[in-house]
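For reference, the chains in residue letters:
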Amino acid sequence: MKVLVIAEHDGKSLRAASLSCLTFAQQVAQATEGTVSWLVLGSQATGVAAEAAKFAPVLLVESSRLARPMADSCAAAIANVAKNHNVNLIAAASTSFSKDVLPRAAALLGGAMASDIVRHEVTAEGLLFDSPQYAGAVTATVQLLGSPQVVSVRSSAYPAATPAAAPFGIEAIAMEDATLASRCEFVELKTKQNSRPDVTEARIVVSGGRALRNSADFEGLVGKLADVMGGAAGSSRALVDAGIAPNELQVGQTGKIVAPELYVALGISGAVQHLAGMKNSRTIVAINSDPDAPIFDVADLGLVGDVYEVVPQLIERLQSR
Ligand SMILES: Cc1cc2nc3c(=O)[nH]c(=O)nc-3n(C[C@H](O)[C@H](O)[C@H](O)COP(=O)(O)OP(=O)(O)OC[C@H]3O[C@@H](n4cnc5c(N)ncnc54)[C@H](O)[C@@H]3O)c2cc1C
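Since this is a predicted model, take the numbers as computed values, not measurements.

Enquirer: An account of the packing of helix α5 (residues 215–228) against helix α9 (residues 307–320) is requested, with residue identities and associated values reported.
Expert: Direction vectors running N to C along α5 and α9 enclose 25 degrees, while the axes themselves pass 10 Å from each other. Relative to α9, α5 is oriented roughly parallel. In the packing of α5 onto α9, the handedness of the crossing is left-handed. In contact with Leu-221, Lys-224, Leu-225 and Val-228 of α5, α9 contributes Val-307, Val-311, Leu-314, Ile-315, Leu-318 and Gln-319. By residue class, the composition of the contact of α5 with α9 is eight nonpolar, one polar and one charged.

Right under this line is the structure:
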């Protein structure tokens, strides 16, 4: 199969989630005796293309119309490349960007799409994909009957690809402005400066729940523990709804899906909607004052205690190391 992986980036570097998607693509290509290429879209994206080329060959489309990730322009570029290169499978990491872009590309190509893939299988009949439904309560196995096949891949399900011994080539593809016309106009990007890693990409995530009474406590306990461990801060929805933690930190069914090496849940009960976002973490540590809290059912290590007493001691111990 000819597999095209959409490289997600911020203009400077690749997102880690795209490297997990590349692993998925490499596995499919290997099992089907096919090939894998990145597709890098941007306006001045040669730096990103060079980084991507450490892992796989790159197709690069540069245009001022791709300076911002406007969904219709990106989808048009993907469809154009996929058509001209006879691509069989288009894959991108399961992110807000791909949710916006991939279905449009699939529609332009008349292809078939599956989202949030967590496992695949190459069979004599074709590719089968596992896709969690209903907040992970059930898993659907689907086969895509249209062509090309288009999938978004959960980065937590595949390890990050590793660089090859020598870089691959970069092929620049010229594309006319008319192909990339957008019916949306970019107005403004509002972004918050965050010194901590993104919750979806961190190796360690420390999350807080309703036990935290206000934003200062959240920052002083959850944020500080995340900092001393070099991790990201996360949150349950209860704290986001209460305005104590920012929206982008929410982990769960309606928040971010994470699968770090270590997930520390502070004062989180373990509602099914929260578990949907973190239960695939490699090691789960829970601190909760209620010994019957459901979070302990999924935790590898549990401590029954008050986060206001335990966490400052934990921070002190870690800092003194
Ligand atoms: C459609 C839908 C989507 C949802 N999506 C999400 C989602 O994406 N993410 C999400 O998180 N939730 C989501 N929810 C909400 C979810 O059902 C729960 O309400 C929420 O996860 C509860 O958050 P919590 O564990 O912080 O709070 P609670 O359930 O109130 O739990 C607080 C926990 O803190 C413990 N505690 C209290 N004080 C202390 C202390 N001092 N020290 C130690 N422990 C203490 C308590 O024992 C308790 O277990 C969703 C709900 C719906 C209906």
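Don't stop here, the text continues.
Enquirer: Could you give me a rundown of the packing of helix α3 (residues 71–84) against helix α4 (residues 96–109), with the residues and numbers involved?
Expert: One can describe the packing of α3 onto α4 by two numbers: an axis separation of 8 Å at closest approach and a directional angle of 45 degrees. When the axis of α3 is compared with that of α4, the two are oblique. Taken as a pair, α3 and α4 cross one another with a handedness that is right-handed. Here Ala-71, Asp-72, Cys-74, Ala-75, Ala-76, Ile-78, Ala-79, Ala-82 and Lys-83 of α3 lie close against α4, whose contacting residues are Asp-100, Val-101, Arg-104, Ala-105, Leu-108 and Leu-109. Within the contact of α3 with α4, the residues separate by chemical class into 11 nonpolar, no polar and four charged.

Enquirer: Outline the site of the ligand, supporting the account with residue identities and numerical values.
Expert: Around the ligand, a shell composed of 27 residues is seen, among which Gly-209, Ser-236, Arg-237, Gly-252 and Ser-269 lie nearest. Mapped onto the shell around the ligand, the elements with two or more residues apiece are α6 (237–241), α7 (272–278), β14 (283–288) and α9. Looking at the shell around the ligand residue by residue, the class counts come to nine nonpolar, 14 polar and four charged.

Enquirer: Help me get a handle on the sheet that holds strand β11 (residues 204–208), residues and values and all.
Expert: Strand order across the open sheet formed by five strands is β12-β11-β13-β14-β15, with parallel pairing between neighbours. Every interior strand has two partners, whereas the edge strands, β12 (232–235) and β15 (301–304), have only one. Each adjacent strand pair in this sheet contributes to an overall mean axis angle of 15 degrees, direction not counted. In this structure, β11 lies alongside β12, joined through four bridges in parallel fashion. Within β12, the residue paired with Val-206 across the bridge is Ala-233. Its contacts with the sheet put α5 on β11, β12 and β13 (262–266), and the angle it makes with β11 is roughly 165 degrees.

Conventions we followed
- Residues numbered from 1 in each chain as written.
- Predicted model: local features only at pLDDT ≥ 70, side-chain atom pairs only at ≥ 80, totals over all residues.
- Axes fitted to C-alpha atoms, helices over the stretch in contact; angles between N-to-C directions.
- Helix = DSSP H or I, 4+ residues; strand = E, 2+ residues; numbered from the N terminus.
- Parallel < 35°, antiparallel > 145°, perpendicular 65-115°, else oblique.
- Left-handed = near helix turned anticlockwise from the far one by under 90°.
- Contact = placed C-beta atoms within 7 Å.
- Nonpolar A, V, L, I, M, F, W, Y, C, P; charged D, E, K, R; others polar.
- Near = placed C-beta within 6 Å.
- Pairing = 2+ DSSP bridges.

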